[in-house]
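# Tertiary structure, described
Chain residues, written in single-letter form:
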Amino acid sequence: MKNEFTMSQMEAEAEEMTALRYLTKENAEFSRTKGGFISLKYNGKEWDRVQVVRLFPFTEPDKFISIRTVEERSKEIGVIEDIRKVSKDTRKMLEEQLNLHYFTPVIQKIIDIKDEYGYAYFHVLTDRGECRFTINMGGNAVVRLTDSRLLITDLDENRFEIPDVFLLTQKEQRKLDLFL
């Protein structure tokens, strides 16, 4: 019965899955690949490519950075407690990856919003230029992060932020009323 799964195997696997490993400048070595990705050497293992994800992106953007494998069901390799405590070069590489992953244009002006057939069509001006995008009215595409801060996710999972709705004109705020 060599396929029998023992209790000790289950416990070992559960421990491995729930272990929290902190990556530091002393125990982890990050480098850039030829393709511009990030690789990692840690604890005697090497990963040719890793993902960089914030665990608390809105409240602690520089803390608790999760380093994960890249497959669809990624596994956490470890956590960087504070990105400010790694080397300057490593921090630069990680911040580049985070900026790509969390690219979030800031909406500065709402030009128009039309809703038709369960979708809302936004025409806005962002800090990256004029933009048009569509959201599903039935989902949770507009999330209130604070009393004044909104995060909007379009159909393609692109994110847009309104840092303070109260800084928009009354006319722009009325266009958003449908979502608030």
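Below you will find a few notes about this structure. If you're wondering where the values come from, they're calculated on a predicted model, not measured in any experiment.

Attention now goes to the pattern of salt bridges. Where charged atoms of side chains with opposite charge meet at close range, the side chains can pair. All chains considered together, the criterion is met by 4 salt bridges. Residue Arg-91 is joined to Glu-95 by a salt bridge in which the shortest nitrogen-to-oxygen separation is 2.9 Å. With a gap of 4 residues between them, Arg-91 and Glu-95 both fall in helix H2 (residues 88-101), about one helical turn apart. Given the relative accessible area of 27%, Arg-91 is considered partly exposed. Judged by its relative accessible area of 26%, Glu-95 falls in the partly exposed class. The shortest N-O distance in the salt bridge between Glu-161 and Arg-149 comes to 2.7 Å. In this pair, Glu-161 sits in strand S12 (residues 159-162) while Arg-149 sits in the loop between strand S10 (142-144) and strand S11 (150-153), placing the two residues 12 residues apart along the sequence.

Counting residues in each nonpolar core, the largest one holds 20 residues, and the members touching the most others are Leu-23, Phe-30, Leu-40, Ile-67, Ile-80 and Leu-94. Look past the residues within four positions of Leu-40 in its chain and what remains in contact with it is Leu-23, Ala-28, Glu-29, Phe-30, Lys-45, Glu-46, Trp-47, Val-50, Ile-67 and Ile-77.

Taken together, 3 strands build an open sheet; the order of strands is S7-S8-S9 and the sheet is antiparallel. The open sheet has two edge strands, strand S7 (107-116) and strand S9 (129-136), and neither has a second partner. Taken over all neighbouring pairs, the strand axes of this sheet differ in orientation by 20° on average, direction set aside. Bridge count for strand S8 (residues 119-126) against S9 is 8 bridges, and the pairing is antiparallel. When the bridges of S9 are listed, His-123 appears paired with Arg-132.

What follows covers unusual backbone geometry. The backbone of Tyr-117 shows a phi angle near 50°, a positive value even though the residue is not glycine. Relative to the helices and strands, Tyr-117 resides in the loop between S7 and S8.

On to the packing of aromatic side chains. Throughout the structure, instances matching the rule amount to 3 aromatic pairs. A ring pair is formed by Phe-56 and Phe-64, whose centres lie 5.9 Å apart and whose planes are at 80°; its orientation type is edge-to-face. A relative accessible area of 25% means that Phe-64 is categorised as partly exposed. Each member of the aromatic cluster is reached from another via a ring pair, and the members are Phe-122, Phe-133 and Phe-160. The ring of Phe-37 has Arg-49 lying over it, and the distance from NZ or CZ to the ring centre is 3.7 Å.

Procedures and definitions
- Residues numbered from 1 in each chain as written.
- Predicted model: local features only at pLDDT ≥ 70, side-chain atom pairs only at ≥ 80, totals over all residues.
- Heavy atoms only, no water.
- Salt bridge = Lys/Arg side-chain N within 4 Å of Asp/Glu carboxyl O.
- Helix = DSSP H or I, 4+ residues; strand = E, 2+ residues; numbered from the N terminus.
- Buried < 20%, exposed > 50% of the residue type's maximum accessible area, 1.4 Å probe, protein only.
- Core = buried A, V, L, I, M, F, W, Y, C linked by side-chain atoms within 4.5 Å.
- Contact = heavy atoms within 4.5 Å.
- Pairing = 2+ DSSP bridges.
- Axes fitted to C-alpha atoms, helices over the stretch in contact; angles between N-to-C directions.
- Phe/Tyr/Trp six-rings, centres within 6.5 Å; stacked < 30°, edge-to-face > 60°.
- Lys NZ or Arg CZ within 6 Å of the ring centre and 35° of its normal.

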